[in-house]
Amino acid sequence: MRNAVQDTSPLGDGALAEIDEDPASRKKFLRMMGTGGAGALSLLIAACGSSSSSSSNSKSTPPPKKSGGGGGGSKESGDLAIVNYALTLEYLEDAFYADVIKAGLFKGSALETIKKFGDSEHQHVVALEGVAKQLGKPAAKPKTKFPLKDMKSVLTLAATVENLGAAAYLGQAAMIKSPDILAAALSIHTVEARHAATLNTLLGKSPTPDGAFGKPATMDQVLPIAKKFIVA
């Protein structure tokens, strides 16, 4: 049981806090993350630990309550709610790239890159659906619609979506309870960030627009943007 000092940790009581405090959990997590995990873990803990002070002007998402055995809709809580939140974003990205490919706006190497990005997002969907089924019920796949006018606007939208996805995963990292689910989320987060960096570069922008540390985004910041592409 944690003492009073540990309970005041800015990481809260999620998986990051468990990994930070428990050597056994840390070793298991680093084995899952690979040889580069130690540095990544330290940076992530530092970033999440300082987020409360650096984002004091933004609306934060309260830690979700412990899950009572799964389910869907508004009754979701804990890791299931976070997984289904991520799954909904991945549904959007998967659908977006599928629509871009069908639109025929890209050719050659550009089209191959779009296909690779789309394949990654589809694999994310499959993985998150599997996790959600283990925890309870996966989120329903939404109907989507995207403005696909020309190459430049599509690339801009793709960069927006990928940067948003990376920020969304980072925004939930400190609240995930299960170290296994956290490891899966981070493995997806890094791919989202690489997609975003590639698209930022193609648009003549910085591959790391927030500098050395990515800025997390809360559900309240992400969902209004995501809902613009969901057909009611």
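Residues numbered from 1 in each chain as written. Predicted model: local features only at pLDDT ≥ 70, side-chain atom pairs only at ≥ 80, totals over all residues. Heavy atoms only, no water.

Draft legend 1. Just the overall build of the chain, in detail. Secondary structure assignment for the chain yields nine helices and zero strands. Pairs at least 24 residues apart make up 78% of the contacts formed inside the chain by residues separated by at least 6 positions. With an accessible surface of roughly 12,500 Å², the chain has 58% of that area assigned to carbon and sulfur atoms. (Helix = DSSP H or I, 4+ residues; strand = E, 2+ residues; numbered from the N terminus. Contact = heavy atoms within 4.5 Å. Areas by Shrake-Rupley, 256 points an atom, 1.4 Å probe, with all protein chains shown as cover.)

Draft legend 2. Main features of the packing of aromatic side chains. Under the definition given, this model contains four aromatic pairs. Relative to F117, the ring of Y97 has its centre 6.1 Å away and its plane inclined at 85 degrees; by these criteria the two rings are edge-to-face. Highlighted residues: Y97 in helix α5 (residues 78-103) and F117 in helix α6 (residues 108-135), separated in sequence by 20 residues. Here Y97 and F117 have matching classes, each one buried. Ring pairs connect the aromatic residues F96, Y97, F117, F146 and F229, which therefore count as one cluster. (Phe/Tyr/Trp six-rings, centres within 6.5 Å; stacked < 30°, edge-to-face > 60°. Buried < 20%, exposed > 50% of the residue type's maximum accessible area, 1.4 Å probe, protein only.)

Draft legend 3. Seen up close, the confidence of the model for the chain. For the chain, the average pLDDT comes to 78, and 67% of its residues sit at 70 or higher. This stretch, residues 1-11, has a pLDDT under 50; its non-local contacts, to residues over four places away or in other chains, come to 19 contacts. Across residues 32-74, where pLDDT falls below 50, the model places 57 contacts with residues more than four positions away in sequence or in other chains. (pLDDT = per-residue confidence, 0-100.)

Draft legend 4. Focus on the packing of α5 against helix α7 (residues 151-172). In the contact formed by α5 and α7, the axes pass within 11 Å of each other and the chain directions differ by 165 degrees. Taken together, the axes of α5 and α7 are roughly antiparallel relative to one another. For the crossing formed where α5 meets α7, the hand is left-handed. Here I82, Y85, A86, L89, E90, E93, F96, Y97 and V100 of α5 lie close against α7, whose contacting residues are V154, L157, A158, V161, E162, A168, Y169 and Q172. Grouping the amino acids of the contact of α5 with α7 by side-chain chemistry returns 13 nonpolar, one polar and three charged. (Axes fitted to C-alpha atoms, helices over the stretch in contact; angles between N-to-C directions. Parallel < 35°, antiparallel > 145°, perpendicular 65-115°, else oblique. Left-handed = near helix turned anticlockwise from the far one by under 90°. Nonpolar A, V, L, I, M, F, W, Y, C, P; charged D, E, K, R; others polar.)

Draft legend 5. How the structure looks around the nonpolar core. Of all hydrophobic cores here, the largest spans 19 residues; its most connected members are V83, L87, L128, Y169, I176 and L182. Elements that contribute at least two residues to this core include exactly α5, α6 and α8 (179-202). Top element by residues in this core is α5. It accounts for six residues. Residues within four places of Y169 in sequence aside, it is in contact with A86, E90, L128, A185, I188, H189 and E192. (Core = buried A, V, L, I, M, F, W, Y, C linked by side-chain atoms within 4.5 Å.)

Draft legend 6. Seen up close, empty space enclosed by the protein. This model, assessed by the stated rule, comprises one cavity of 30 Å³ or more. The wall of the largest cavity is formed by L89, L92, E93, F146, V161, L164, G165, I225, A226 and F229. Residues that form the lining of the largest cavity fall into these classes: eight nonpolar, one polar and one charged. (1 Å grid on protein atoms, 1.4 Å probe; cavity = no way out; pocket = protein on both sides within 12 Å on 5 of 7 lines; lining within 4 Å. Points joined across faces, edges and corners; volume = space filled by probe spheres on them.)

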